[in-house]
Amino acid sequence: MIENHLSLLLVALPLLAAPIVAVLPNGRLPWALSTLVSWSVCYLAAWQLINVSSGQVISYELGGWAPPWGIEYRIDAANALVALIVSGIAALTLPYALKSVIKEIPHQQHALFYAAFMLCLTGLLGIAQTGDIFNLFVFLEISSLSSYALISLGKQRQALTAAYQYLIMGTIGATFFIIGVGLLYAMTGTLNMADLAQRLPELYEHRTIHTAFAFIMVGFALKLALFPLHLWLPNAYTYAPTVVTIFLAATATKVAVYVMLRMVFTVFGFSFIENTPTDELFLLLCVTAILSMSFYAIYQKDSKRLLAYSSVAQIAYMMLGIGLGSVLGVTATLVHLFNHALMKGALFMAIGALIYRVGSSRLEHFSGLGKQMPWTFAAIVIGGLSLIGVPGTAGFISKWYLVLAAIEQQHWLIVGVILMGSLLAVAYVWKIIEVLYFNATDEREQQNTAVKEAPLMMLIPMWVLVLANIYFGFNTELTVGTAEQAVKLLMPGAN
Amino acid sequence: MISLTSEQLIILAILLPLLAAVLIVLADKRPNLREAITLISASVVALLVITLATRINAGETPSFDVFDVVPGITVSFSIEPLGMLFALVAGTLWLVTSIYAIGYMRGHHEKNQTRFYAAFAIAISSTLAAAFSGNMFTLFLCYEILTLSTYPLVTHAGTAEAKRSGRIYLGILLGTSIGFQLLAILITWSVAGTLDFQQGGILAGKLDPAYAGILYALFIFGVGKAAIMPFHKWLPAAMVAPTPVSALLHAVAVVKTGVFTILKVTLYIFGSDFITSSGASDWIIWFVAVTILLASLIAMTKDNLKARLAYSTISQLSYIVLGALIAVEMSLVGASMHIAMHAFAKITLFFAAGAILVAAHKKNISDMGGLGRAMPFTFIAFTIGSLSIIGLPPFGGMWSKWYLALGMVQTEQWILLAVLMMSSLLNIAYLLPISVRAFFAKPKEGVVYTEVKEAPLSMLIAIGLTSLACIVLFFYPDPFYNLAVDAATGR
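Residues numbered from 1 in each chain as written. Chains lettered and ligands numbered in written order. Predicted model: local features only at pLDDT ≥ 70, side-chain atom pairs only at ≥ 80, totals over all residues.

Colleague: Before we move on, could you go through the pairing of strand 1 (residues 63-70) of chain B and cite the residues and values that matter?
Modeller: Residue and element names in this part refer to chain B. Where strand 1 meets strand 2 (residues 73-78), six bridges bridge the pair, whose relative direction is antiparallel. Residue pairing for strand 2: F64 is matched across the bridge by F77. Remark: two residues form the turn of the hairpin made by strand 1 and strand 2, two consecutive strands paired antiparallel; G72 in that turn has positive phi of roughly 95°. (Pairing = 2+ DSSP bridges. Helix = DSSP H or I, 4+ residues; strand = E, 2+ residues; numbered from the N terminus.)

Dropping the structure here:
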């Protein structure tokens with residue numbers, strides 16, 4: 001029974017939970033219910049992934065209406081992987097959230113906070129699950145609106161402007177996307193992605209299709225913060241409450257990258273993209289992004305902002321794989337999608353633990369904390385190494401595939417840029433590590449020597465992610481295996 | 001012990017230091033227990049590598065895969081003669097260095113000793129794992145873990161200078177390994193479809209010989225640990241570390257992992273035949289030759305004893321690389337043997353330098369006039385180490401130079417032979433005056449050494465052992481010689 005409706009339950013569960021959470025009394029109850037829901041969803045997502053892991057496709061007809069008229073949830077290895085990332089990160093973030101939220105968010109807003117969190121989870125999972133392009137827009141708006149609200153809850157006043165900035169940019173992105181969808185509908189009369197994929201090839205020459213494509217690409221480039229449309233991201237990540245930063249950094253942009261993959265490979269088809277300058281443009285933007293954003297990260301004085309710029313650079317790695325358009329490249333994109341969620345999740349959780357103890361995210365305030373908070377420090381070191389791509393960590397696997405994809409096409413410049421990006425990552429990661437590792441400067445010394453290790457409720461989720469970073473650096477059956485299955489479906493006939 | 005298979009011994013040798021690191025951290029508050037853990041695990045590891053060495057000499061070739069990382073790329077371990085030679089050196093010297101380190105760290109009142117011993121054990125574990133690596137991926141993995149685990153040792157002092165040195169250390173070692181070595185590995189993988197170490201190499205016939213030189217250069221310069229100019233600066237910078245670190249890690253484990261990697265790449269990725277037939281090493285050889293001479297010249301200008309020894313190491317490492325680049329049997333034997341011979345001689349010199357620091361608080365050579373009469377044992381050992389580095393009989397260092405020179409004669413590389421000989425002269429010029437000054441010169445004005453005694457006993461034992469080894473290895477180089485010949489001829 002459950003198995004038949006798995007795909008729907010994944011989305012419906014948090015959606016139904018949201019209003020219930022909202023009316024619960026403030027206190028631990030909203031947190032407890034959300035955590036429970038997120039764990040169940042994570043369990044369902046894992047179940048779903050197992051069902052599709054050997055290449056099957058689940059087609060779920062919403063309300064029994066057959067596609068292309070009704071809404072179809074179409075699950076293959078790619079969606080299932082993304083759904084697992086989103087729900088897995090949520091399931092780890094929520095236990096972590098308890099203490100952090102009590103400290104950062106006013107008591108009377110707790111229930112609403114968790115309700116918004118549930119809605120955001122609904123939206124992100126919905127985007128991953130759906131096979132209907134308009135339905136995708138609806139979920140996009142659900143996740144975006146709730147994340148604007150979540151970001152604005154940040155303690156500092158700048159959180160409001162950051163949320164507003166994201167609201168404007170995000171709305172432009174969503175509008176562009178819906179314009180594109182409208183144009184596609186006008187030309188083909190369908191909103192189902194699989195159906196679109198069949199009807200589009202005969203219309204490839206049509207200018208409206210090109211226009212629709214451009215709108216959709218720019219719209220989602222905004223959502224996933226592709227350089228130079230990333231300007232909202234550093235502020236949003238910096239000023240949002242820590243928990244929100246962790247969750248959004250590890251999931252929101254990943255889901256947007258997934259949509260990009262779907263649009264490029266399933267809906268339009270790479271043969272269409274190749275005849276437009278899009279793939280070259282992607283490569284150009286990504287190369288610029290990796291270099292410039294990594295440099296930016298090096299010069300940041302705020303730890304969250306530093307990681308935010310690093311995220312923009314890392315997103316460019318994922319888009320690079322799409323731009324290369326090869327089997328290896330897309331495999332790299334999907335693998336990095338997963339791995340980057342692990343590393344950024346771990347890093348932001350560790351930074352969050354420091355913020356929890358020190359009350360600030362500025363690097364200079366962390367001086368000498370490595371000794372006081374050894375577990376948090378170790379988490380930053382391992383997460384950072386994964387971000388750099390040191391062998392033995394998950395990050396290495398992504399880099400491995402990405403560089404191989406570039407070598408395969410003899411793009412030596414891109415090879416150089418990817419490796420250069422790793423070296424720049426060494427510089428910004430070590431900036432954090434040095435501050436923590438070396439003794440405190442005099443004026444900080446007295447404050448920081450009294451600091452204790454982060455509470456266990458924070459350390460456990462953090463270390464689950466840290467260990468995952470190591471585990472997936474050695475065992476890639478789940479990541480690479482699933483990615484290869486997904487690529488087979490995304491790029492039929494490419495092998 | 002004997003009832004275990006060689007595969008189990010390999011795993012034990014790698015895991016035991018790791019386990020020791022964990023126990024050391026747990027024994028944080030009890031220094032004696034902590035040091036006992038270090039000594040016991042070091043003794044067992046020494047026993048393990050010696051047992052393994054006898055089995056390898058008897059013709060065993062253990063190898064096994066641990067697990068697949070991605071399809072075709074495995075973490076795997078295997079022992080061939082060259083790796084065994086390196087492991088034998090690193091494994092036995094860890095025990096000696098541990099004995100020394102206990103005296104040094106306590107005598108010098110260092111802080112954070114727990115972190116020191118734990119990081120040291122991890123570094124040894126990754127060195128042994130590198131020595132036993134069965135493919136290039138595993139070797140690269142261990143190479144990077146070694147870089148990272150030695151960072152806390154280099155920056156042990158926690159001062160601004162240590163921080164700066166740490167940056168240079170990581171910047172060069174990670175920079176070259178990610179920028180060049182990883183790229184070379186990826187290209188190798190995409191060309192050859194495998195990263196396994198195979199006799200005769202995996203690239204011959206698959207890589208266009210015209211590109212062999214570029215790929216080889218990526219490997220050679222990608223191995224920053226071999227300290228070939230212009231990527232040598234990290235080694236003098238690393239001298240800010242406590243002396244036991246400089247002795248074992250920056251004269252033996254870390255730097256030798258570098259040259260060992262180059263030898264492995266030469267023998268088992270390219271294959272010596274492919275190197276000579278494609279001319280891959282033709283132009284890199286001059287970088288190495290220049291490194292040998294230039295580093296020796298710079299060493300002469302250094303007054304700080306450890307800095308002088310560091311530049312000497314840079315020069316000596318390039319001997320080994322040179323042997324690899326010439327890639328004929330004799331030169332490869334010489335290069336492999338030099339891993340061992342230089343290790344024993346240079347660790348003696350560093351031990352002596354540390355003893356001088358602890359006993360007399362002297363860092364600079366110019367302050368050491370007359371010190372030899374106060375610390376005769378230390379300076380005799382220093383002299384023995386120096387003579388072995390120079391390559392005079394009856395010291396072990398003679399053999400490796402002998403075979404290196406034979407290799408050059410065989411290939412008629414007269415210029416390189418001249419470089420080697422000139423470098424030996426330079427060795428004399430920068431090493432012997434130290435002993436001469438200590439024994440025969442007068443102390444500086446107003447300095448008297450009546451208070452200065454020899455260093456603590458545990459340090460003297462270590463110094464005695466390694467300097468004795470320098471002499472023994474002249475008369476009985478067989479354990480290393482046999483392994484080196486087996487490696488070079490591809491038994």
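What follows continues from the structure just given.
Colleague: Hey, could you go over unusual backbone geometry for me, with residue numbers and the actual values?
Modeller: Looking along the chain, the bond that leaves F227 of chain A and enters P228 of chain A is cis, with omega of 0°. You can see P228 of chain A is positioned in the loop between helix 8 (207-223) and helix 9 (232-239). In the segment running from P393 of chain B into P394 of chain B, the intervening peptide bond is cis, with an omega of 0°. Structurally, P394 of chain B can be placed in the loop between helix 15 (376-390) and helix 16 (397-411). Phi is positive for A225 of chain A, close to 60°, though the residue is something other than glycine. Mapped onto the elements, A225 of chain A comes out in the loop between helix 8 and helix 9. Of note, A227 of chain B is a non-glycine position whose phi angle comes to about 55°, a positive value. Mapped onto the secondary structure, A227 of chain B falls in the loop between helix 7 (209-222) and helix 8 (234-237).

Colleague: Describe in detail the packing of helix 4 (residues 113-131) of chain B against helix 5 (residues 136-154) of chain B, supporting the description with residues and values.
Modeller: All names here are of chain B. Packing of helix 4 against helix 5 leaves a shortest axis separation of 8 Å and a crossing angle of 165°. When the axes of helix 4 and helix 5 are compared, the pair comes out roughly antiparallel. The way helix 4 lies across helix 5 gives a crossing that is left-handed. Here R115, F116, A119, F120, I122, A123, S126, T127, A129 and A130 of helix 4 come into contact with helix 5, specifically with L139, C142, Y143, I145, L146, S149, T150, P152 and L153. When the residues that make up the contact of helix 4 with helix 5 are grouped by side-chain class, the tally is 14 nonpolar, four polar and one charged. (Axes fitted to C-alpha atoms, helices over the stretch in contact; angles between N-to-C directions. Parallel < 35°, antiparallel > 145°, perpendicular 65-115°, else oblique. Left-handed = near helix turned anticlockwise from the far one by under 90°. Contact = placed C-beta atoms within 7 Å. Nonpolar A, V, L, I, M, F, W, Y, C, P; charged D, E, K, R; others polar.)

Colleague: Kindly report on the confidence of the model for chain B, identifying the contributing residues and their values.
Modeller: Residues and elements named next belong to chain B. Considering every residue of chain B, the mean pLDDT works out to 87; 99% of them sit at 70 or more. Element-level pLDDT for chain B is lowest in strand 1, with a mean of 82, against a maximum mean of 91 in helix 5. We note a pTM of 0.91 for the whole complex and an ipTM of 0.88 for its interfaces. (pLDDT = per-residue confidence, 0-100.)

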